[in-house]
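Chain and residue survey
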Amino acid sequence: MKVGLVSDPIYLKHDTGQHVENARRLVAITSHLEQTGIVRQLTPIKPRPATIEELSLVHGEPYIANIQQMAERGGGWLDADTVMSAESYEAALYAAGGVIKASEAVLNGEVSSAFALVRPPGHHATPQRAMGFCLFNNVAIAAKYALAEFSLERILIIDFDVHHGNGTQDAFYDNPQVLYISTHLSPFYPGTGIIEETGSGSARGATLNIPLPSGCGDSEYQQVFEQIVVPAATRFQPRLILVSAGYDAHRDDELAMMQVSITGFARMVKIIKELADKLCSGRLVFSLEGGYNLAALAASVKATFDVLLGNTEIEDPLGQSSRRFAAPDITPLLAAIREIHGLT
Ligand SMILES: [Zn+2]
């Protein structure tokens, strides 16, 4: 069982200075993968830059040109949260291309599954706009690419980043070939992702939002996965599963108010892997989104690789510290979502 790793120094060149989404995130992950030795169990996949044509599967050409020109001028702020440097355009091309390469490797059978450790992240980038630290929507581009190049009928995107992936939702809102399932803190940035947003036209039902109250931890996420994600994915019968893997729902992450542990992330990944094994010959591609506590991020990514490799021992160096928030009762919420989506 080969597990692919997309990693490249180009992703460090997206220089955001003191911004919370910075190159130290990837340095922390890669040094942890090296120190623990797990990197030797992984199959390296070399990324390439996405082409303009590939970016255009999701983004408008004037928008792409705007990002390129901004880089040529040395970078700057695209909105109040999103900054780029002179080399960010190239890094962003490789981020989208990295997820494409990971998907190709999985679909060609070179590896069973893969994780693209890329930045800038992608799930907030809409077809026409950079936002939320994201320039191009890496996962959406890879999904469109896989639909077109591999003639896949259906792709499932699972987004467990603590923020709603509004850009991914926008990219597929009227596309019945892609089921987009997002778990996210709500109300929270970017403000989208209510349960009534379910897709439009023939794609009604192909957007599945699970907006969660603050304080959700391992047991709430497990409930969500068992009661919503598993039956919805099983009904959809995807040919490939892409994951927007953000680890900012971790209890030690300062950006949000969730309480997931490293063990909890590993459990979610295990459920996703079992879905892929059952539904689509194990075809599974992870792409890094958020996660801002460096120790939690590095150990969570390592735990993700452990699950993909079939390693049974999961290290949780940060453990189950005492809850900072009371655990909410999400039973009525999950019942409402099951009702809307006809999941009995
Ligand atoms: Zn996030």
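**Observations regarding helix α5 (residues 138–149)**
Taking 1.5 Å as the rise per residue, α5 with twelve residues should run 16 Å; its terminal C-alpha atoms sit 16 Å apart, in good agreement. With respect to burial, α5 is a largely interior element, nine of its twelve residues being buried. The complete set of buried residues in α5 reads Asn138, Val139, Ala140, Ile141, Ala142, Ala143, Tyr145, Ala146 and Leu147. Positive backbone phi, at 50°, marks Ser151, one or two positions downstream of α5.

**Quick notes on the side chain of Glu289**
Structurally, Glu289 can be placed in the loop between β10 (284–288) and α9 (294–309). Of note is the side chain of Glu289, whose polar atom sits 2.7 Å from the side chain of Ser244. Contact partners of Glu289, with chain neighbours within four places excluded, come to Arg25, Pro121, Gly122, His123, Val139, Asp161, Ser244, Ala245 and Gly246.

**Examining the pairing of strand β1 (residues 3–6)**
Covered by surrounding structure in β1 are Val3 and Leu5 together with Gly4 and Val6, the residues of both alternating faces. Relative to strand β2 (residues 43–45), β1 is paired through three bridges, and the arrangement is parallel. Within β2, the position partnered with Val6 by the bridge is Ile45.

**Looking at the packing of aromatic side chains**
Using the criterion set out here, one finds eight aromatic pairs in the structure. Considering the side-chain rings of Phe160 and Phe265, the 5.9 Å spacing of their centres and the 35° angle between planes classify their relative orientation as tilted. With Phe160 in the loop between β6 (155–159) and α6 (166–172) and Phe265 in helix α8 (residues 262–279), this residue pair connects regions lying 105 residues apart in the sequence. The same class applies to Phe160 as to Phe265, namely buried.

**What to know about the sheet that holds strand β7 (residues 178–185)**
Taken together, eight strands build an open sheet; the order of strands is β2-β1-β5-β10-β9-β6-β7-β8 and the sheet is parallel. Of all the strands in the sheet, just β2 and β8 (207–212) have a single pairing partner and so form its edges. Within this sheet the neighbouring strands show an average axis-to-axis angle of 15°, counted without direction. Pairing between β6 and β7: five bridges, direction parallel.

**Focus on the pattern of salt bridges**
On inspection of all chains with the given rule, the structure shows nine salt bridges. With its nearest N and O atoms 4.0 Å apart, the salt bridge here joins Lys13 to Glu87. One end of the pair, Lys13, is in the loop between β1 and α1 (24–35); the other, Glu87, is in the loop between β4 (83–85) and α4 (88–107), and 74 residues separate them in sequence. Overall, the relative accessible area of 39% leaves Lys13 in the partly exposed class.

**Some thoughts on α9**
Taking 1.5 Å of rise per residue, 16 residues should cover 22 Å, and α9 covers 23 Å from first to last C-alpha, within 8% of that figure. Taken across its 16 residues, α9 has 14 buried, putting it largely inside the fold. Sitting at the amino-terminal end of α9 is Asn293, which places a side-chain oxygen 3.2 Å from the backbone nitrogen of Ala295. One or two residues past the end of α9 sits Gly310, with phi positive at roughly 85°.

**Remarks on the nonpolar core**
Core analysis: the largest hydrophobic core is formed by 114 residues, its most contacted members being Leu117, Phe136, Ile210, Ile241, Tyr247, Phe286 and Phe305. When residues in this core are grouped by element, the largest group, 13 residues, is from α4. The contacts of Leu117, once residues within four sequence positions are left out, are Leu5, Val6, Tyr11, Leu26, Ile29, Leu33, Leu288, Val301 and Phe305.

Analysis parameters
Residues numbered from 1 in each chain as written. Predicted model: local features only at pLDDT ≥ 70, side-chain atom pairs only at ≥ 80, totals over all residues. Heavy atoms only, no water. Helix = DSSP H or I, 4+ residues; strand = E, 2+ residues; numbered from the N terminus. Expected span 1.5 Å × (residues − 1). Buried < 20%, exposed > 50% of the residue type's maximum accessible area, 1.4 Å probe, protein only. Polar contact = N/O pair within 3.5 Å; in protein donor to acceptor, adjacent residues only side chain to side chain. Contact = heavy atoms within 4.5 Å. Pairing = 2+ DSSP bridges. Phe/Tyr/Trp six-rings, centres within 6.5 Å; stacked < 30°, edge-to-face > 60°. Axes fitted to C-alpha atoms, helices over the stretch in contact; angles between N-to-C directions. Salt bridge = Lys/Arg side-chain N within 4 Å of Asp/Glu carboxyl O. Core = buried A, V, L, I, M, F, W, Y, C linked by side-chain atoms within 4.5 Å.

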